[in-house]
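# Observations on chain architecture
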Amino acid sequence: MRRPLLGLAIVALVAAACAPKSATSAASGSPTAQSCAVDSMNLHTPGTLTIATGNPAYLPWYGGKSVAGSDWKSSSYTGDPHTGQGYESAFAYALAQQMGFTKDQVEWLGIPFGKSFAPGPKDFDFAMQQISITPKRAQAVDFSDGYYDVNQALIADNGSPAIGVTTLAGLKDLKLGAPVGTTSLQVIQDVVQPTVEPAVYPDLDTALKDLKNGQIDGVVVDFPDAFYGYADQIVGQFPPIGGQQEQFGLAFEKGNTLVSCVNQAIAALKSNGTLQQLEDTWLQTDPSVPVFS
Amino acid sequence: MAEPSPEVSFPKGGPGDPRVPPGGGSRRPRILGGDASQRNVWIAVASTVIFFGFLTIVIVRSPGWPEVKQSFFNGQEFKESFPLILRKFVRNIQIFCVAEVMVLAFALFLAVLRSLPGPVFTPLRILSGAYTDLFRGIPTILVIFLLGYGMPALNLQGIPDSDFFWAIFALVLVYSAYVAEVYRAGIQSIHGSQTAAARSLGLSRWQSMRYVILPQAVRRVIPPLLNDFIGLQKDSALVAFLGVTEGFQQATIIQQSDFNFTPFVALALVYIVFTIPQARLVDRMIARDQRRRQAGATL
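Residues numbered from 1 in each chain as written. Chains lettered and ligands numbered in written order. Predicted model: local features only at pLDDT ≥ 70, side-chain atom pairs only at ≥ 80, totals over all residues.

### Some points on the overall build of chain B
Along chain B, the regular secondary structure elements total 11 helices and 0 strands. Starting at the N terminus, the α and β elements of chain B follow one another as α-α-α-α-α-α-α-α-α-α-α. Burial analysis of chain B (299 residues in total) assigns 28% to the buried set. (Helix = DSSP H or I, 4+ residues; strand = E, 2+ residues; numbered from the N terminus. Buried ≥ 20, exposed ≤ 12 C-beta atoms within 10 Å, placed from the backbone.)

### Notes on the overall build of chain A
Across its full length, chain A holds 6 helices and 14 strands. Here chain A holds 293 residues, and the buried ones make up 43% of them. Once local pairs closer than 6 in sequence are excluded, the contacts in chain A between residues at least 24 apart make up 69%. (Contact = placed C-beta atoms within 7 Å.)

### Some points on the interface of chain B and chain A
Taken together, the contact between chain B and chain A spans 28 residues of the former and 32 residues of the latter. Listed by contribution, the elements that provide at least two residues to the side of chain B that touches chain A are α1 (35-60), α2 (65-72) and α10 (247-258) of chain B. Of the residues belonging to the side of chain B that touches chain A, the class tally is 13 nonpolar, 11 polar and 4 charged. (Nonpolar A, V, L, I, M, F, W, Y, C, P; charged D, E, K, R; others polar.)

### Quick word on the confidence of the model for chain B
Residue and element names in this part refer to chain B. Looking at chain B, pLDDT values average 85 and 87% of them are 70 or higher. The low-confidence segment residues 1-26 (pLDDT under 50) makes 28 contacts with residues lying over four places distant or belonging to another chain. On the interface metric, ipTM, the complex scores 0.72, and its pTM is 0.75. (pLDDT = per-residue confidence, 0-100.)

### Considering the domain arrangement of chain A
Residue and element names in this part refer to chain A. Domains assigned within chain A are domain 1 (33-149 + 246-282) and domain 2 (152-239). Its C-alpha centre places domain 1 at a distance of 27 Å from the equivalent point of domain 2. Tallying the contact residues gives 8 residues for domain 1 and 6 residues for domain 2. Across the side of domain 1 that touches domain 2, the residue classes tally to 5 nonpolar, 2 polar and 1 charged. (Domains from an automatic or database assignment.)

### What about the domain arrangement of chain B?
We note that the domain assignment places domain 1 (29-60) and domain 2 (77-298) within chain B. One C-alpha centre belongs to domain 1 of chain B, the other to domain 2 of chain B, and the line joining them spans 38 Å.

### Observations regarding the sheet that holds strand β10 (residues 199-201) of chain A
Residue and element names in this part refer to chain A. Within the open sheet, the 5 strands sit side by side as β10-β9-β11-β8-β12. Their pairing is mixed. Two strands in the sheet have a free side with no partner beyond their single neighbour: β10 and β12 (233-237). Across the sheet, the mean angle separating the axes of adjacent strands is 30° when strand polarity is ignored. Sheet topology places strand β9 (residues 176-179) next to strand β11 (residues 218-222); 2 bridges connect them, and they run parallel. In the strand pairing of β11, Leu 176 is matched with Gly 218. (Pairing = 2+ DSSP bridges. Axes fitted to C-alpha atoms, helices over the stretch in contact; angles between N-to-C directions.)

### Some words on the confidence of the model for chain A
Per-residue confidence for chain A averages 86 on the pLDDT scale, and 88% of its residues sit at or above 70. Long-range and interchain partners of residues 22-33 of chain A, a stretch whose pLDDT sits below 50, account for 12 contacts in this model, where long-range means more than four residues apart.

### Points about the packing of α10 of chain B against helix α11 (residues 262-295) of chain B
All names here are of chain B. In contact at an axis separation of 8 Å, α10 and α11 are set at 160° when each is read in the N-to-C sense. As summarised for this structure, α10 and α11 are arranged roughly antiparallel, according to the angle between their axes. Along this stretch, α10 crosses α11, giving a crossing that reads as right-handed. Across the interface between the two elements, Gly 247, Phe 248, Ala 251, Ile 254 and Gln 255 of α10 pack against Pro 263, Phe 264, Ala 266, Leu 267 and Val 270 of α11. Residue classes in the contact of α10 with α11 are distributed as 8 nonpolar, 2 polar and no charged. (Parallel < 35°, antiparallel > 145°, perpendicular 65-115°, else oblique. Left-handed = near helix turned anticlockwise from the far one by under 90°.)

Structure follows, in structure tokens:
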């Protein structure tokens, strides 16, 4: 009987080795009691605001030339979050300043999109990646208040059958594409309801490649993205899904008390006109682009 | 036609044959019966229950379990995503069925090229060898990306620009390299005396390959072939990166729009249900093959 006992001893050892890490209970304390001074906020790294976003980071959300030592590479389509240029980068620094951080106290972390909502402790304070707020998503993360009202638009190259279409019905038989997991894709599925299955890409880059290759008739993007020369023409804007205005929010780990401090700062930036000013500076718009009817 | 054993020098099946275990051919491990083995069964059951019990407790009592359960094992999410994923998995089945048939043919061609005897065929052997080296050396995902986005960009007349086509094409290129090696191992495992015998009967080099070597070689490599095909079936998920909405892409769509990982668990389940019976089949074929070889001369 010695052998089985030895085996069980090993099992016990393994189990012990897998014992839970010292529980970092993130959800503690009530938001109202939270003081929003830099020293007392619930931060991943004390004294630093760690913001996660994608890499590459695209214009017009992130711009400027890469700074030395940065993981982000700038090009004619991409930028570096560290520069404070581009809407989200500028918003991040304005937000940090409003919360009492200096520019040097802001750290950026490049993550794949899935990491912004994977369960468990995060290695950043919040994710800022043009994430649209939806009720389903709010089950997995806590969202800040919206910081940008976004619409979706269709872009296409000259010669595509999409050019000149003004109605949703006219889009039904076209092969449209969008990056995976975006509300752009949901717009195709829920608003256009096409007869042809939409093409879904890992990211905007690959979707645009297929557009250039003529494999799809058009790509649906966030409206401000439509002005960056990705395609020849902006065909039109979409009415919002279910008639509800789509908004971008910052994504936090569930129960993170930092949300209330961030919301205070967003409210302040809204009321003093900073957000509007950032929009005017960084995001192009064109009221003459028709809305599909 | 009785299959001649390659090792002709053995007194087959007789007492001098080292392949036949003493005490006769059919020897099976006794599982039941006898006090000692009954006790062993109980020990096996107990240790299994304790082991998995421990594992379950460790997982379920971990501090993050409620979140993991909500994100990965969400019943509602599973119910909604499973039918969608299953429907898109049909696309995977199409992809790997077409790819498998093409791989079978193309890889055999490569293997025969590489096994051609005679100095005249050296360039063909080199080509075939270089091909297998190249495509066994490049990650499948890279081949899929390079072909899928590169070829249509050439804008050449007659080159298809369907993602579906290039996905299959890339998988066939990569898996043919592996399967060609499997075939080649099979061809090489046929003893040289077989060729000699076929040639002495007046068959040409090609005829002896076609009628004597290949039938034996292919039969021998069916289990490893099936193994490679299971690999191919799993890699059919990679074509998602070309914009083909198959099972994995469908799971990713739901995951990113709902911020929930349960669709991946659902897809994993679909794969398991699909591949495990094949793995068992391979095991059984290997066992049958072994029995047949042990039986040796009785054929």
